[in-house]
Amino acid sequence: MALSEVYWDHQIPIPKLAPVQAKVTVALVALLCFMNSYDGEFVFDDSEAIVNNKDLKPATPLNNIWSNDFWGSNLSSNSSHKSYRPLTVLTFRLNYLLAGGLHPVGFHVLNIILHAVISALMIDVFAILIGGLSYDEKGSMLNHAPKTSLLAALLFAAHPVHTESVAGVVGRADLLCALFFQLSFLTYCKAFNRGSDRDDSFSVRWVVVSLLLCAAAMLCKEQGITVLGVNAAFDVLLICNVNVYELSQRLLLRKNPLDVSAILRTGLPTRLALMGLGGLSMLYARWRIMGTGPPAFTEVDNPASFAENIFLRIVNYNYYYSLNAWLLLCPWWLCFDWSMGCVPLIKSATDWRMAWLLLLWCVLIGLISQALCSQDSQRRRTLTLGLVLLVVPFLPACNIFFRVGFVIAERVLYLSSAGYCLLLAYSMGHCCCCWSKCRKPLCVSLLALLCVYVARCALRSHQWRSEKSLFTSALFVCPLNAKVHYNVGKNLADRGNATAAIAYYREAVRLHPTYVHAMNNLGNILKERNELIEAEQLLSKAVSIQPDFAAAWMNLGIVQNSLQKFEEAEQSYWNAIRFRKKYPDCYYNLGRLYADLNRHIDALNAWRNATVLKPDHSLAWNNMVILLDNTGNLGQAELIGREALRLLPNDHTIMFSLANVLGKLQKYKESEGFFLHALRINPNSASCHGNLAVLYHRWGKLELAKKHYELSLKLDPEAPGTRDNYNMLRRKLDQLKHPTP
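Residues numbered from 1 in each chain as written. Predicted model: local features only at pLDDT ≥ 70, side-chain atom pairs only at ≥ 80, totals over all residues. Heavy atoms only, no water.

## Some words on the layout of surface pockets
- The space that makes up the second largest pocket amounts to roughly 1,100 Å³.
- Taken together, 39 residues make up the lining of the second largest pocket; nearest its centre are L360, L364, L367, L387 and L390.
- For the lining of the second largest pocket, the elements supplying multiple residues, two or more each, are α9 (227–239), α13 (310–329), α14 (354–373), α15 (377–391) and α16 (413–434).
- Considering every element that reaches the lining of the second largest pocket, the biggest residue donor is α14, with 11 residues.
- Grouping the amino acids of the lining of the second largest pocket by side-chain chemistry returns 32 nonpolar, seven polar and no charged. (1 Å grid on protein atoms, 1.4 Å probe; cavity = no way out; pocket = protein on both sides within 12 Å on 5 of 7 lines; lining within 4 Å. Points joined across faces, edges and corners; volume = space filled by probe spheres on them. Helix = DSSP H or I, 4+ residues; strand = E, 2+ residues; numbered from the N terminus. Nonpolar A, V, L, I, M, F, W, Y, C, P; charged D, E, K, R; others polar.)

Listed below in structure tokens is the structure:
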């Protein structure tokens, strides 16, 4: 363990702050960078992980979070992504309970606070990795590199690549994982806060606590297990002070025998055995929890992993690594999604992008050679541990051990960026030592870099505040990404701009001709615009490409129904139900088809299935009441209407339909009550005023009838039948006022 000051630390051109002041400063910088995202919306993946995730709702049993994945799907399902992060989902649920619903401010604020805390704790992590581990007589940790650790923490706090993790609520997984990662590492360090001078003296209790915190990190995000690799490297290089280069020379050349007893005296084998056993236990438990094996990703998610030969796979994986390195070096081109053509595959050794691979490995080999062969023990230790912190947390995303479901994901660089920041801070100190005359320009450059980082974070955080700005910003970074155009189109359609949405959906299909979701959404818009022939062609193509695409089958059925292709429509609906057993909306549309064909029993059965699968399916309930009313089954219509209102007590459309039935059954008082209740909920319903007027007309309450006829005509002067009924009532009132002799 190093006990002396790091020789380059005093050359770093920033003030030396007390420990508390340093942490407060770093936390404030972190808050400054991302505070403008506090009032953002739920965007992109937040929709699935939070807005549509039933595990957040208080009505859902708490135990469900331990059997479901991050997105709320059961882990045993073949469609599950197998991302098991129950502790992260638990914090979402707490946010939901504290805010009383899905209010994004609380979710965003907690993310920002977590990043500030993590950034402040990074000072302690960097201090140990750079300056070594030592304690004063009171047991407090000493920081032998106060300036270097502060600089590295400031760079970490302000690095723009963190925006996705902080400004996107689903980034909570990365933040919590990083927090427990740090705590696991710092707790492992506590195992060596010993009073004994014995080499093998360490606390097994703290090692076990560190393993438990590692398990907690893994329950926040799978990447958490990599802290064991960092702990092991720290133990070998700092606690045991092993010179890896000399050790490898001894083993390979066999010049000097390896002193096994010296290694045993350090207790290293015991600690490595404990960590190995703990890590294997976590991996085994994780594998058992996954149930059906690893998730199934498609070529769209990670095209390099589907390349035709292993050479092309390796080349493209390395190209992805170089792009990740570039995002750390120059985090200007940031995008919410890097799939679907954003990064075209390298298919030939003559591709000019091969130069980036060579450059990446030249830099890495240079750093590794310095880390292993330098005569300067402090430089050797700092570079080695910096590389460990850079590379080890990235290993789960590198496609070596298993296929991942993305090309590039900025959020997976959250922990790895700490290693980059450590190396950058070391480089600044080294440059200040070697070029003391250039200290002032270096200071200006450092200040400029931090200012650029803060400004970029603020700009990028602002883009993450809404889906409109987030998706639009990606058009300039990844113009060839079909998913970017798809999401811009979807956002425009959701905001009612169907014409602009069509152009983006068409571009998405042009860029990716088998993009079935874009075809489905485009087909839906064309259906609404009554461009049925093209809509049918698009939806037919979508289901031919992906035969189990249930939503496209249902939408195709709706279009075919509109084209009066009734047999084809029925078959399309049943195909949708075959591929998605619990599909209430499809049963509802199937019922509409049967109603159009006067197959009333089949229609009622279909709508009943819809309400069984989705008890709050208002349209299905209402259609059953209306159909029974129209066919003269008033008693059954009344029963269905009352059953529906027990489940949906504030649904004014069902109240309206039931009130009509009760009026025909001459239950005028009860019918009046439902009409008036419906009008309290929806006072501007012309049809409700009109039908209530008819009820009063039948009931003999003519003045009230006159009042509601007039209200109905005021809201809708063209209301069918209302004008005639009103004129009839006026004639009757005139006769009553002026009876014929």
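## A short note on the pattern of salt bridges
- Evaluation of the coordinates by the stated rule reveals 24 salt bridges.
- Salt-bridge contacts for D124 lead to K23; the nearest nitrogen and oxygen are separated by 2.9 Å. Taken as a pair, D124 in helix α4 (residues 104–131) and K23 in helix α1 (residues 19–34) lie far apart in primary sequence, 101 residues in all.
- D174 is paired through a salt bridge with K221; the nearest N and O atoms lie 2.5 Å apart. Here D174 is found in helix α7 (residues 172–190), whereas its partner K221 is found in the loop between α8 (204–220) and α9, with 47 residues between them in sequence. (Salt bridge = Lys/Arg side-chain N within 4 Å of Asp/Glu carboxyl O.)

## Comments concerning the environment of N521
- With respect to the helices and strands, the residue N521 is situated in helix α21 (residues 516–528).
- Accessibility expressed as a relative area gives 15% for N521, which makes it buried.
- On a C-alpha basis, the gap between N521 and V363 in space is 46 Å, while along the polypeptide they are 158 residues apart.
- Excluding residues that lie within four positions of it along the chain, N521 makes contacts with Y486, K490 and Y505. (Buried < 20%, exposed > 50% of the residue type's maximum accessible area, 1.4 Å probe, protein only. Contact = heavy atoms within 4.5 Å.)

## Describing the nonpolar core
- If you look at the biggest cluster of nonpolar residues, it comprises 213 residues, and the most contacted ones within it are F126, F185, F234 and F336.
- Once you skip the residues sitting within four places of it in the chain, F185 turns out to touch V125, I128, L129, V227, V230, N231 and F234.
- If you look at the next biggest cluster of nonpolar residues, it comprises 13 residues, including I50, L56, V89 and A173. (Core = buried A, V, L, I, M, F, W, Y, C linked by side-chain atoms within 4.5 Å.)

## Remarks on the UniProt feature "transmembrane region" (unreviewed entry) in the protein chain
- UniProt feature "transmembrane region" (unreviewed entry): in the numbering of this structure it lies at residues 112–133, 201–219, 225–245, 317–334, 354–373 and 385–406.
- What you have in residues 317–334 is 72% helix and 0% strand, and the ends, taken at the C-alpha atoms, are 19 Å apart. (UniProt positions renumbered as here; feature names shortened; annotations may be inferred.)

## Some points on the environment of E528
- Tracing the sequence through the fold places E528 in helix α21.
- Given the relative accessible area of 64%, E528 is considered exposed.
- As a C-alpha pair, E528 and T384 span 144 residues in sequence and 61 Å in three-dimensional space.

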